[in-house]
Amino acid sequence: MTTTADLDRQEPTATQQIGWLVQDTVTMTWRDLIRTQRQPEMLSFAVVMGVFFLLLFYWVFGGAIAAGAGVDYIQYLVPGIFVITSLTGAQQTGTGLAADLSEGVTDRFRSLPMSQFAVIAGRTIADALRNVVGILLVAAVGYLLGFRFASVGGAIGAIALAVGVGYAFSWMNAAIAAQVRSAEMVGMLSMFWLFPLMLASTVFTPSEQMPGWLQAFAKWQPISVVGDAARDLSNGIPAGDAVAWSIIWIVALLVVFVPLAVAAYRRSR
Amino acid sequence: MTDASERRSPNAEDAVAVVARGLSKSFGKTRAVSDLSFDARSGEVTGLLGPNGAGKTTTIKMLTTLLPIESGNASIVGIDVARRPDAVRRVIGLAGQSAAVDEKLTARENLELFGRLYKIPRAERMKRVDYLIERFELGDFADRVAETYSGGQRRRLDVVASLIAAPPVLFLDEPTTGLDPHTRTELWSEIRELADRGTAVVLTTQYLEEADRLSDSIVIIDEGVMKASGTSADLKRDLEREVLEIHVADRKDLTGAAASIAGVGAESSADPEGTRLQVPLTGGARQSLAVLRGLDADGIAIADFQLRKPTLDDVFLAMTSRGGRR
């Protein structure tokens with residue numbers, strides 16, 4: 001067999017390094033998916049969270065909120081819940097990574113000839129895949145309540161954007177986790193971004209009744225923007241601008257938080 | 001059963017695999033490792049021996065790229081650790097308290113995971129995983145999740161995981177701490193065999209017996225500083241001196257007793273909070289008699305005394321003359 005000693009002398013080329021980065025990311029995703037399956041309580045919490053929000057808002061607030069929505073409330077609510085599902089899933093990236101960092105296996109990863117970026121990338125991708133499951137479950141329950149996608153293309157677009165924004169927030173939370181290195185701290189800190197983003201948004205209700213300053217925030221913050229785009233796509237309403245703004249938000253968040261998360265992870269030893 | 005890949009050419013075994021020169025590392029004001037230099041050779045076990053907090057783990061972490069080297073330099077099979085950490089990671093394996101396995105994965109999955117991360121091609125990797133499971137008798141628990149393992153099973157997987165890429169240099173950070181004597185002896189013979197096949201093994205331990213049984217050369221460190229180094233036999237000669245332990249009846253006599261002992265040409269170290277003096281003997285029973293007579297003549301009341309074989313503590317006392325710590 002080829003021992004590692006045969007590889008040690010020459011520096012890898014850039015192409016080789018990118019190849020390894022991809023290979024390591026696939027490997028770490030595989031590992032995190034196995035871990036996800038083996039922690040059924042975490043998995044079911046993440047997956048059922050969306051359905052919980054859907055039923056809660058549909059039954060408890062549905063009647064009151066419906067006025068002003070302009071469409072049947074279930075048509076308004078379900079695409080927004082896709083985004084909420086993805087966002088709460090992103091929160092688990094942070095708690096999971098913080099727990100990982102406290103285990104010795106992270107030290108072993110650091111001693112291996114692997115891309116350290118892959119440690120976080122694998123987890124964010126595994127979490128995004130889990131979010132897809134959660135969103136499909138929300139869509140299925142939504143169907144039972146009368147929700148319908150206008151088109152297959154719209155359905156794919158809406159789900160892709162919801163998963164995308166959750167993925168971006170996964171990186172934000174990974175950056176927080178690598179910085180504070182405690183699952184409890186990550187959980188506590190998430191109150192400060194998760195709830196404002198969730199509640200001061202157009203996901204559950206249009207922003208018209210909010211005070212002016214809040215309206216501006218609620219209209220332009222990423223969860224609303226993506227929620228609006230997902231809603232338009234699901235309902236077959238032309239959504240060009242909303243989709244463009246959604247993509248801008250997702251890319252902007254990734255541009256900021258991917259380097260921050262990787263840098264914080266490298267420092268956290 | 002043997003694996004040809006683990007045997008190396010005889011000249012490789014003479015090579016110095018790990019070179020550490022003037023390694024230092026501080027955490028805040030604490031100097032964890034200070035100007036530490038040593039070599040480790042292929043085909044040998046090099047033991048870093050020292051008590052808890054001596055700087056052993058910090059040293060291993062610097063050599064395995066887990067911690068940046070503050071000053072000094074190190075190379076592994078000729079590769080500079082500070083300048084080419086990625087290349088170093090390709091030639092080392094690490095196990096023990098500085099590394100671990102994934103608790104949610106089975107032994108087989110863990111080996112598969114680390115094999116993939118070393119970029120071992122699939123066919124080779126599968127063969128290697130099967131070989132390691134058989135060779136190190138992990139079969140009974142290979143398909144159970146690691147969090148269900150006993151301490152010994154976990155430790156064994158930990159060591160085996162560091163062998164997945166057959167690295168020429170293996171770092172084991174307190175590999176047997178917390179293991180029962182039987183499992184420990186088993187692991188010792190496995191580590192010994194790896195070295196005999198040409199691997200350079202660097203292991204840390206706080207057990208004198210372990211360093212003695214397993215190591216071809218021993219580096220004794222304490223408070224980040226190298227206190228002694230040499231082959232096990234060299235050091236043992238020093239360690240075979242007996243120790244006279246004296247309890248004075250009155251604490252106030254402690255200083256006087258030390259002076260009296262110095263007066264007959266012996267060294268002593270005192271426990272400042274207690275009433276104990278340790279006297280490492282260079283002249284056997286005759287010297288112990290001289291010390292006791294001296295104390296008697298100086299009017300110092302002795303509550304108790306005993307002559308005993310040295311422990312690791314005594315080695316440190318003898319080498320560091322800092323009796324105050326215990």
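Residues numbered from 1 in each chain as written. Chains lettered and ligands numbered in written order. Predicted model: local features only at pLDDT ≥ 70, side-chain atom pairs only at ≥ 80, totals over all residues. Heavy atoms only, no water.

Per the secondary structure count, chain B includes 11 helices and 14 strands. Buried positions account for 56% of the 326 residues belonging to chain B. Intrachain contacts of chain B at a sequence separation of at least 6 include 69% that bridge at least 24 residues. Accessible surface computed for chain B: about 13700 Å², of which carbon and sulfur atoms make up 48%. (Helix = DSSP H or I, 4+ residues; strand = E, 2+ residues; numbered from the N terminus. Buried < 20%, exposed > 50% of the residue type's maximum accessible area, 1.4 Å probe, protein only. Contact = heavy atoms within 4.5 Å. Areas by Shrake-Rupley, 256 points an atom, 1.4 Å probe, with all protein chains shown as cover.)

The next subject is the confidence of the model for chain A. Considering every residue of chain A, the mean pLDDT works out to 88; 93% of them sit at 70 or more. Below pLDDT 50 for its whole length, residues 1–8 of chain A participates in 23 contacts with residues either more than four positions away or in separate chains. (pLDDT = per-residue confidence, 0-100.)

The subject of this paragraph is the sheet that holds strand 6 (residues 92–96) of chain B. Residue and element names in this part refer to chain B. Pairing within the open sheet is mixed, and its six strands lie in the order 6-7-8-3-9-10. The outermost strands of the open sheet, each flanked by one partner alone, are strand 6 and strand 10 (225–231). Adjacent strand axes in the sheet meet at a mean angle of 15°, parallel and antiparallel pairs treated alike. Pairing of strand 3 (residues 45–49) with strand 9 (residues 217–222), which is carried by four bridges, proceeds in the parallel orientation. The residue bridging glycine 47 from the neighbouring strand is isoleucine 218, located in strand 9. (Pairing = 2+ DSSP bridges. Axes fitted to C-alpha atoms, helices over the stretch in contact; angles between N-to-C directions.)

Here we come to the pairing of strand 4 (residues 71–76) of chain B. Residues and elements named next belong to chain B. Summarising the sheet, strand 1 (residues 16–27) and strand 4 pair through five bridges and their orientation is antiparallel. Bridging from a neighbouring strand, valine 18 pairs with isoleucine 76 of strand 4. Bridge analysis of strand 4 against strand 5 (residues 79–80) gives two bridges, and the strand direction is antiparallel. The partner of isoleucine 76 across the bridge, within strand 5, is isoleucine 79. Counted between consecutive antiparallel strands, the loop separating strand 4 from strand 5 contains two residues, among which valine 77 sits at a positive phi close to 35°.

What follows is about the pairing of strand 3 of chain B. Residue and element names in this part refer to chain B. Buried residues dominate strand 3, accounting for five of its five residues. Here strand 3 shows two buried faces, one formed by Val45, Gly47 and Leu49 and the other by Thr46 and Leu48. Bridge count for strand 3 against strand 8 (residues 200–205) is five bridges, and the pairing is parallel. Bridged to valine 45 within strand 8 is valine 201.

With 110 residues, the main nonpolar core has Phe82, Phe109, Phe169 and Ile223 of chain A together with Leu111 and Phe114 of chain B as its most contacted residues. The residues touching phenylalanine 169 of chain A, leaving out its near neighbours within four places in the chain, are Leu87, Ala90, Trp193, Leu197, Pro222, Ile223 and Leu253 of chain A. Counting 34 residues, the second largest nonpolar core, distinct from the first, contains Leu36, Val88, Ile92 and Ala99 of chain B. (Core = buried A, V, L, I, M, F, W, Y, C linked by side-chain atoms within 4.5 Å.)

Looking now at the packing of aromatic side chains. Residues and elements named next belong to chain A. Within the structure shown, the criterion is met by 16 aromatic pairs over all chains. On the basis of an interplanar angle of 10° and a centroid distance of 3.6 Å, the ring pair of phenylalanine 57 and phenylalanine 204 is categorised as stacked. In this pair, phenylalanine 57 sits in helix 2 (residues 40–66) while phenylalanine 204 sits in the loop between helix 7 (183–199) and helix 8 (212–220), placing the two residues 147 residues apart along the sequence. With a relative accessible area of 9%, phenylalanine 57 lands in the buried category. Note on tryptophan 220 and tryptophan 245: the rings are 5.5 Å apart at their centroids and 80° apart in plane angle, and the pair reads as edge-to-face. Taken as a pair, tryptophan 220 in helix 8 and tryptophan 245 in helix 10 (residues 240–267) lie far apart in primary sequence, 25 residues in all. You can call tryptophan 245 partly exposed: its relative accessible area is 41%. (Phe/Tyr/Trp six-rings, centres within 6.5 Å; stacked < 30°, edge-to-face > 60°.)

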